[in-house]
Structures are given as structure tokens and as C-alpha cells.
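Residues per chain, in single letters:
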Amino acid sequence: MSVIKISSPATSEFWEIPVLYEDDHLLALDKPAGLLTSPDRYDPLRPNLMKLLHAAIAAGKPWARERHLDYLSNAHRLDFETSGVILLAKNKPALVALANLFGSEKPAKKYLALVRGDISQEKFEVDASLAPHPVKIGLMRVDPKNGKRSKTNFEALENFPMFGYALLRCEPLTGRTHQIRVHAAHAGLKLIGDELYGGKPLWLSRLKKDYRLKPGREERPLISRVALHAEELSLPHPVTGQMLTITSPWPKDFKVAVKYLRQYSANGPVE
């Protein structure tokens, strides 16, 4: 698997981003958690994927030269803490076609989420209109009167009832900001690490009965960011029309968290 290397001199950060799919028109990347997709309107100086890619193209970095790239634009966004599939267009016609597809909500998106809360049904849906919070900047909320139509299907892939956690597959049928996070909260489920909507980090000490920390060490959470991963994107190719499905492997923190939840769930909760 090839990678694209980008760096932010301003913050001394460096990323090697795997390429998930590529042809003459499209480039799909495996966005890491902790990187904005595009500039933050509230903090334009924070590093973001698109600005760093454009800077690398302008600087003639090897990966850009090899591809003869002079254009890249994103057709959709992933939240700062969300990892997984993000699709970019290599030319303007492809971008216009992708924008039309995403505008019509044709792409099928599948996410993985680790949540805390009671799962009473294996499959369920949340159909609740969403709107920006009137007071808290950057937050969304369920707003039946003023919100935009929003619907998400949820499926419990694994349940860890001893600890009150579950691994969900989430399929947003619309594309609203923070849709999965707000709809999950509306259903009484908090995404691990999602402090904005009431979620808390996942700690090994809450799972392992005989957990002991070495003197002078501070425990770090298994997952501290929002536990949301864009696992799969399916859509008709904007040029050929053939169905295209792009998948992203589980990130390391998801693998580690699920591994420990599986390992210790049979032993019961920590007293």
C-alpha cells in the first residue's frame, strides 16, 4: 500500500497517510484521527489535510510529482477526531460529479463506533432532525421544528454487557454535521471519548480487575478520541458509473480497545 507523506512545519507534526484507492480521477485516503479535513473557521491556523496536501503539491513533493498532480479537492469531510475513508477528486469535472453524488446522498457510508449505554435491539434507527445548537458554538442538537431531516441506521456488531459497551455499525442516510454522534446520544448511547456529547475515555483499569500501574506512571486511555471510524464508502464512480467500494482497516486504537473488551468481558465488571 502506498502512502502520502505530509508535514506541518508550524506544529512539527508529520503524517504518513495510506492510499486506499486511486485512479486517473479519484484518490481515496485513510485519514488519521486528530487531523482536520479542511480549515477550521474558528481556528484557521490549525493543520488540516487539504491545506497540507496543496502545500505539498505546490512544493513538488515526490508523491505529487509521480502522479503529475496539480489539483486535489475533497468531496466530503470527516470530523477532526474521526478516522477512515476520505475521497478526493483529481480534477474539476470529477469534483463536480462527486459533489452531485454527495448532494443527492447517493454514497453509502458505513462507520464503526464504540459506545457506552444499553443496547436493547440488535438493529435500530434514529430519525430525528438536526440543527446547530442556538447557544453552544460547534454543537448540534435534535430540533424537530427547525432542524434538517436526518436519519441513521445502527447495528450492534458486538455487545459487552458486563461493562455496558458495544461496537456498532452506523449507516447515516443523510450527511449532517455530527449526525452519528448526536443520533447515538439521542438513543441513550455515548461514543467513547466524545466529550462534546457526554462520552468518556475508555480505561483499561475499568476492565482489568487486577490492574496495577507502575509507580510514577500515569494511565493513558485505550481510546481518548471520539471512537468513530469511517470504515466503508460505496458509490457509483463519477466517470465510469461502475459501483466502487472503498474500505479502511481498523485503526490501532480500535483494535486495542476491542481486544481488551473481548478479553475481560467474560470476567465481569471491576468492583
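Residues numbered from 1 in each chain as written. Predicted model: local features only at pLDDT ≥ 70, side-chain atom pairs only at ≥ 80, totals over all residues. Heavy atoms only, no water.

Caption draft 1: Fine view of the overall build of the protein. Helix and strand counts for the protein come out as 5 helices and 14 strands. The C-alpha atoms of the protein give a radius of gyration of 20 Å, which matches the 18 Å a tight globule of 271 residues would have. Once the C-alpha set of the protein is aligned to its principal axes, its extents read approximately 60 × 50 × 40 Å. Looking at the protein as a whole, 47% of its 271 residues are labelled buried. Here the contacts in the protein between residues at least 6 apart in sequence split such that 61% fall between residues at least 24 apart. Entry remark: accessible area of the protein is about 14400 Å², with carbon and sulfur atoms responsible for 50%. When the 39 positive and 30 negative side-chain charges of the protein are each reduced to one mean point, those points stand 3 Å apart. (Helix = DSSP H or I, 4+ residues; strand = E, 2+ residues; numbered from the N terminus. Rg over C-alpha atoms; globule rule 2.2 N^0.38 Å. Buried < 20%, exposed > 50% of the residue type's maximum accessible area, 1.4 Å probe, protein only. Contact = heavy atoms within 4.5 Å. Areas by Shrake-Rupley, 256 points an atom, 1.4 Å probe, with all protein chains shown as cover. Lys, Arg positive; Asp, Glu negative; His and termini not counted. Charge placed at Lys NZ, Arg CZ, Asp CG, Glu CD.)

Caption draft 2: Layout of the layout of surface pockets. Its boundaries defined by the atoms lining it, the largest pocket holds a volume of some 1400 Å³. Lining the largest pocket we find 44 residues, and of these Arg77, Leu78, Asp79, Thr177 and His178 sit closest to its centre. Sorting the residues of the lining of the largest pocket by element identifies α3 (92-103), β6 (108-116) and α4 (179-186) as the ones contributing at least two each. Here the residues of the lining of the largest pocket sort into 20 nonpolar, 12 polar and 12 charged. In this model, the second largest pocket occupies a volume close to 160 Å³. Around the second largest pocket sit Ser8, Pro9, Ala10, Thr11, Pro44, Leu45, Arg46, Pro47, Asn48, Lys51, Leu52 and Ala55, which together line it. (1 Å grid on protein atoms, 1.4 Å probe; cavity = no way out; pocket = protein on both sides within 12 Å on 5 of 7 lines; lining within 4 Å. Points joined across faces, edges and corners; volume = space filled by probe spheres on them. Nonpolar A, V, L, I, M, F, W, Y, C, P; charged D, E, K, R; others polar.)

Caption draft 3: Layout of helix α1 (residues 49-58). What α1 keeps buried is the set Leu49, Met50, Leu52, Leu53, Ala56 and Ile57. Take α1 and look down its axis: the buried residues cluster within an arc of 165°, on one side only. In α1, those exposed residues whose orientation departs by more than 90 degrees from the buried face are Lys51 and Ala58. For α1, the secondary structure elements touched by its buried residues are β1 (3-8), β2 (13-22), β3 (26-31), α2 (62-66), β4 (73-74) and β5 (83-89). Downstream of α1 by one or two residues, Gly60 has phi in the positive range, about 70°. (Arc of directions from axis to C-beta.)

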